[in-house]
Structure formats: structure tokens, C-alpha cells
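So the chains spell out like this:
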Amino acid sequence: VPDATYVEGDPATLVATNLTIADGVAYGGPNSEPVHFFFLIVTVSEVIHLRVLKRITQIFRDPSAGADFLAAPSIGKLKSELAQREKQLSNREVS
């Protein structure tokens with residue numbers, strides 16, 4: 001389910017969209033496993049783009065992340081799960 005965010009008037013605007021595919025798609029990855037998550041990141045700043053990519057990578061380092069996201073019964077629950085994991089990462093960085 002695509003989802004996008006846009007902050008009008010912000011010069012560092014970020015538009016991030018994710019698409020989750022339960023059955024996965026053959027995408028030619030190194031492990032030949034189907035890909036379940038696609039992210040589109042559009043921003044005017046390369047620095048912000050790289051920060052978002054870093055955060056996505058950090059979230060998916062947790063082996064349970066993918067399974068938890070795929071098990072989410074709704075886009076609202078998926079967003080909530082993603083926000084919770086983002087908050088946990090932010091709290092660890094502050095500590």
C-alpha cells in the first residue's frame with residue numbers, strides 16, 4: 001500500500017513511499033529471496049536521502065522487522081510498527 005508524506009514549504013522536504021508485497025517479488029538479490037518491501041525516497045537533499053536510507057537499513061537489521069511488518073493487518077498498524085521502531089532507534093542514539 002503506497003503512502004507518502006510531504007511537508008509544504010520545507011526546503012528539506014522528504015517524500016517517502018513504501019510498498020509492501022506479501023508474496024514478494026523476484027528482484028535478483030544476492031540471496032535470491034523474494035523482495036517484500038520497496039521504498040521510494042524523493043528529497044531535494046542528498047544528505048537527507050542518505051539519512052533515510054541509513055534509518056531504513058537500521059530498522060531492517062532487526063530480523064523480526066520484516067516478519068512484523070508483513071504480519072501487520074492494516075496500513076495503520078504497519079505505520080504504527082514502523083514509527084515504534086524508529087522511536088526505539090532514536091532513543092538508543094540519544095542514550
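Residue numbers restart at each chain and count upward from 1, following the sequence in its written direction. Predicted model: local features are reported for residues with pLDDT of at least 70 only, side-chain atom pairs are reported and counted for 80 or more only, and whole-chain, interface and lining totals are derived from all residues. Working from all heavy atoms in the structure, the side-chain values ignore hydrogens and water.

(A) Highlighting the overall build of the chain. In this description a helix means any DSSP run of H or I spanning at least four residues, a strand means any run of E spanning at least two, and both kinds are numbered starting from the N terminus. Scanning the chain for helices and strands turns up three helices and two strands. Helices and strands appear in the chain in the N-to-C order β-β-α-α-α. Looking at the chain as a whole, 23% of its 95 residues qualify as buried. Contacts: residue pairs with any heavy atoms within 4.5 Å of one another. If you take every contact in the chain between residues at least 6 apart in sequence, the share linking residues at least 24 apart comes to 36%. Approximately 6700 Å² of the chain is accessible, and the part contributed by carbon and sulfur atoms is 59%. For every residue, the accessible area obtained with a 1.4 Å probe (protein chains only) is divided by the maximum for its type, and the residue is called buried under 20%, exposed over 50%, and partly exposed between those limits. Only the protein chains shown count as cover for residues, and all accessible areas are computed by the Shrake-Rupley method using a 1.4 Å probe.

(B) Region of interest: the confidence of the model for the chain. Within the chain, residue pLDDT values average 77, and 80% of them lie at 70 or more. Per-residue confidence from the predictor is reported as pLDDT, a score between 0 and 100. When mean pLDDT is compared element by element in the chain, helix 2 (residues 63-71) scores highest at 89, while strand 1 (residues 14-25) scores lowest at 70. Predicted confidence is poor over residues 11-15, with pLDDT under 50, and the contacts of this stretch with residues over four places away or in other chains come to 21 contacts.

(C) Molecular detail of helix 3 (residues 75-94). An expected span of 1.5 Å times one less than the residue number is assigned to each helix. Between its first and last C-alpha atoms helix 3 spans 29 Å; for 20 residues at 1.5 Å apiece the expected length is 28 Å, and the two agree. Leu78, Glu81, Arg85 and Leu89 are the residues of helix 3 that are buried. Seen from one end, helix 3 has its buried residues packed into an arc of 75°, which puts them on one side. Facing away from the buried surface of helix 3 by more than 90 degrees, the exposed residues are Lys87 and Val94. What the arc measures is the spread of directions leading from the helix axis to the C-beta atoms.

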